[in-house]
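# Structure at a glance
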Amino acid sequence: MVFMVIAATAPLTAMASNMSLSLGFGVGAGSVGLLLLTGALLAVFAVGYVVLTRYVTNAGAYYAFIGFGLGRETGAAAAFVATLAYNLAAGGMIAATGYFADIAVTSYLGVDLPWYAYGAVALVITFFLGLRGVEMAQRVTSVISVAQFGIILLLGLAILVGRPGGWSLSVLSPGEMFSGNVAMTLVFCLLCFGGFEATAIYGEEAHAPRRAIRVATYLGLALLVVVFAFSTWSLAAAYGDVKSAAGEDPGSLVFRAANLYLGEWSGPLFSALVAFSFLAAAVAFHNMSTRYMFALGRARLLPVFLARVHDRHGTPYLSTYVQVAITLVMLVPFAASGADPIVNLFPAVSGITSLSLLTLMLGCCVSVAVAALRGKVTERWWETVLAPAVAGSGVLAITVIVVANYQAVTGSDSPLVALMPALPVLAALYGVLVSRRRGQALLDDVPAA
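Calculation criteria
Residues numbered from 1 in each chain as written. Predicted model: local features only at pLDDT ≥ 70, side-chain atom pairs only at ≥ 80, totals over all residues. Heavy atoms only, no water. Helix = DSSP H or I, 4+ residues; strand = E, 2+ residues; numbered from the N terminus. Buried < 20%, exposed > 50% of the residue type's maximum accessible area, 1.4 Å probe, protein only. Contact = heavy atoms within 4.5 Å. Areas by Shrake-Rupley, 256 points an atom, 1.4 Å probe, with all protein chains shown as cover. Expected span 1.5 Å × (residues − 1). Phe/Tyr/Trp six-rings, centres within 6.5 Å; stacked < 30°, edge-to-face > 60°. Core = buried A, V, L, I, M, F, W, Y, C linked by side-chain atoms within 4.5 Å. Axes fitted to C-alpha atoms, helices over the stretch in contact; angles between N-to-C directions. Parallel < 35°, antiparallel > 145°, perpendicular 65-115°, else oblique. Left-handed = near helix turned anticlockwise from the far one by under 90°. pLDDT = per-residue confidence, 0-100. Salt bridge = Lys/Arg side-chain N within 4 Å of Asp/Glu carboxyl O. Patch = residues over 30% accessible without salt bridge, like charges linked within 9 Å, V, L, I, M, F, W, Y side chains within 5 Å. Polar contact = N/O pair within 3.5 Å; in protein donor to acceptor, adjacent residues only side chain to side chain.

## Quick look at the overall build of the protein
Assigned secondary structure in the protein consists of 21 helices and zero strands. A buried classification covers 58% of the 449 residues belonging to the protein. The long-range fraction of contacts in the protein, counting pairs at least 24 apart against all pairs at least 6 apart in sequence, stands at 80%. Element-wise, carbon and sulfur atoms account for 68% of the exposed surface of the protein, whose accessible area totals about 17,600 Å².

This is the structure:
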């Protein structure tokens with residue numbers, strides 16, 4: 001479960017995309033400080049989140065957690081928001097896999113194919129691993145995750161030796177943390193922990209799920225905070241003016257640092273590992289999407305066939321087919337337009353995904369507090385009221401900042417991109433409508449006395 005969280009967040013991909021963009025167009029080196037603040041906020045959030053895991057085990061984690069305290073209709077709204085976010089994230093990760101695979105193959109072999117050719121291969125692999133189940137996916141993502149940790153540590157140590165004066169504590173100063181595009185950096189910091197829910201999503205497939213979810217949640221969060229802070233700080237230390245260096249070409253920032261501090265041999269290796277890292281993230285988000293569709297199919301909020309499981313592997317295989325189809329519908333028009341996956345697609349997808357995750361986290365904070373007030377949970381007040389109130393206030397503040405600066409977050413002035421935040425709202429409204437119809441259908445099925 002920890003490895004699936006790490007796979008979804010993919011530390012090396014965050015260095016090459018989220019944090020490189022933040023270093024170039026966000027708050028620059030102050031991204032390190034905002035990462036630590038985001039990690040602290042999530043640690044407080046995890047207190048109430050873990051309380052809910054003791055009472056609810058469901059493949060649609062946020063859906064069940066929010067519904068537990070706030071009712072079926074609110075839970076259904078959350079479910080459709082999460083399903084939308086994870087499907088978009090899965091598609092975005094496939095596109096990024098293709099982009100960085102192209103860089104790697106061109107560097108090693110001199111063969112230059114369009115990114116979507118490699119993206120198609122990544123989609124086939126994701127489909128295969130989705131059908132085989134979490135154990136097979138975990139083996140693949142575990143190897144990739146360990147490789148990521150090793151190469152991040154190697155590069156960080158090389159930068160420490162090569163440029164020790166670059167490691168300045170000024171990255172933690174308010175002047176650095178809140179100068180520039182704070183909203184963009186907050187979005188990308190949050191997305192670094194975007195696989196946070198994976199621990200609860202796999203609860204139904206875990207032994208002793210309550211203990212497993214609790215341990216995996218805190219362990220996964222601690223690992224990610226350390227890795228993300230170290231890797232981002234190392235990039236900030238590698239350049240005299242990291243904001244200018246990242247602004248020139250954020251997609252190559254990591255590779256340039258590797259070439260400079262490790263040697264020319266390392267750049268192509270990094271690009272290959274980044275491609276595999278994005279592939280692991282695509283597999284993780286694909287699995288999270290399919291399990292949400294499975295849960296919604298089981299609850300009859302989506303067609304019931306989505307809840308069918310494979311006879312041999314026990315996986316929601318029809319949901320796997322549907323998720324792959326959604327990715328194709330998302331990426332084919334984008335590929336046909338010739339747009340850049342990192343500069344054009346990634347910020348747009350990140351904006352919607354971050355808003356969706358913020359809303360879901362806020363819903364969980366409110367849910368556990370309401371459940372406590374109703375006597376549905378019996379843990380201590382600081383776990384069920386104080387921690388959720390603190391975390392919820394922080395999440396709400398970030399949400400307001402993101403909404404108020406959405407155009408700056410995406411880096412696009414396209415009216416279409418500006419309207420994209422309406423998608424989670426429409427998904428939530430659809431969830432409420434379907435839930436009401438489902439409730440009425442259940443009443444209609446009851447025979448008259």
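## A closer look at the environment of Arg-132
Following the sequence through the fold, Arg-132 ends up in helix α7 (residues 115-132). Along the chain, Arg-132 and Pro-316 lie 184 residues apart, while their C-alpha atoms are 9.9 Å from each other.

## Remarks on α7
Across its 18 residues, α7 extends 26 Å between first and last C-alpha, which sits within 8% of the 26 Å expected from 1.5 Å per residue. Listing the buried residues of α7 in full gives Trp-115, Tyr-118, Gly-119, Ala-122, Leu-123, Thr-126, Leu-129, Gly-130 and Leu-131.

## Here we look at the environment of Leu-160
Mapped onto the elements of the fold, Leu-160 is located in helix α8 (residues 134-162). For Leu-160, a relative accessible area of 41% corresponds to the partly exposed category. On a C-alpha basis, the gap between Leu-160 and Ser-234 in space is 7.5 Å, while along the polypeptide they are 74 residues apart.

## Considering the packing of aromatic side chains
Aromatic ring pairs are reported here in terms of the distance separating the ring centres and the angle at which the planes meet. This model, assessed by the stated rule, comprises 14 aromatic pairs. Between the aromatic rings of Phe-45 and Tyr-49, the centroid separation amounts to 5.5 Å while the plane-to-plane angle is 35°, which identifies the pairing as tilted. Here Tyr-49 and Phe-45 lie together in helix α4 (residues 31-53), a separation of four residues that amounts to about one turn. Per residue, the accessibility class of Phe-45 equals that of Tyr-49, and both read buried. One aromatic cluster in this structure is built from Tyr-99, Phe-100, Phe-255 and Phe-278.

## Details of helix α5 (residues 61-70)
Summarising burial for α5: eight of the 10 residues are buried, a large majority. For α5, the full list of buried residues reads Ala-61, Tyr-62, Tyr-63, Ala-64, Phe-65, Ile-66, Phe-68 and Gly-69. Remark: Gly-71 follows α5 within two positions and exhibits a positive phi of approximately 100°.

## Examining the nonpolar core
Phe-45, Tyr-62, Phe-100, Phe-193 and Phe-270 are the most contacted members of the largest nonpolar core, which has 134 residues in total. Of all the elements, helix α6 (residues 72-109) adds the most residues to this core, at 18 residues.

## Some words on the packing of helix α15 (residues 266-298) against helix α16 (residues 317-337)
Axis separation between α15 and α16 bottoms out at 9 Å; the angle between their running directions is 120°. Taken together, the axis directions place α15 and α16 in an arrangement best described as oblique. The crossing of α15 and α16 is right-handed. Contact residues: His-286, Ser-289, Thr-290, Met-293 and Phe-294 in α15; Ser-319, Thr-320, Val-322, Gln-323, Val-324 and Ile-326 in α16.

## What about the environment of Ile-342?
Within the secondary structure, Ile-342 sits in helix α17 (residues 341-373). Under the relative-accessibility criterion, Ile-342 is labelled buried at 2%. For Ile-342 and Asn-18, which are 324 residues apart along the polypeptide, the C-alpha to C-alpha distance reads 9.6 Å. Excluding anything up to four places from it in sequence, Ile-342 contacts Ala-96, Tyr-99, Phe-100 and Pro-347.

## Concerning the confidence of the model for the protein
Per-residue pLDDT for the protein averages 82, and the proportion of residues at 70 or more is 88%. Averaged over each element, pLDDT in the protein is lowest for helix α11 (residues 198-201) (60) and highest for α4 (89). For residues 442-449, every residue scores under 50 in pLDDT, and the model assigns this stretch zero contacts once sequence neighbours within four places are set aside.

## Brief notes about the pattern of salt bridges
Think of it this way: side chains of opposite charge can pair up when their charged atoms draw near. Evaluation of the coordinates by the stated rule reveals five salt bridges. Between Glu-73 and Arg-436 there is a salt bridge; the shortest N-O distance is 3.2 Å. Of this pair, Glu-73 sits in helix α6 while Arg-436 sits in helix α21 (residues 422-445), and the two are 363 residues apart along the sequence. Classification of Glu-73 by relative accessible area gives partly exposed; the value is 27%.

## Considerations on a nonpolar patch on the surface
A contiguous nonpolar patch, built from Trp-381, Trp-382, Val-385, Leu-386 and Val-390 and spanning about 490 Å² of accessible area, is present on the exposed surface. With respect to the element layout, Val-390 can be found in helix α18 (residues 381-404). Judged by its relative accessible area of 46%, Val-390 falls in the partly exposed class.

## Section: the packing of α4 against helix α10 (residues 182-192)
The description of two packed helices rests on the angle between their axes and on the distance between the axes. At their nearest, the axes of α4 and α10 sit 9 Å apart, and the two run at 50° to each other. Between α4 and α10, the interaxial angle falls into the category oblique. The handedness of the crossing between α4 and α10 is right-handed. Residues Ser-31, Leu-34, Leu-35 and Thr-38 of α4 form the contact with α10, whose participating residues are Val-182, Thr-185, Leu-186, Cys-189, Leu-190 and Cys-192.

## Side note on the side chain of His-286
The residue His-286 is located in helix α15 in this model. Judged by relative accessible area, which is 0%, His-286 ranks as buried. A polar contact is formed between the side chain of His-286 and the side chain of Gln-323, at a distance of 2.6 Å. With near-sequence residues (within four places) excluded, His-286 lies in contact with Ala-90, Thr-126, Gly-130, Thr-320, Gln-323 and Val-324.

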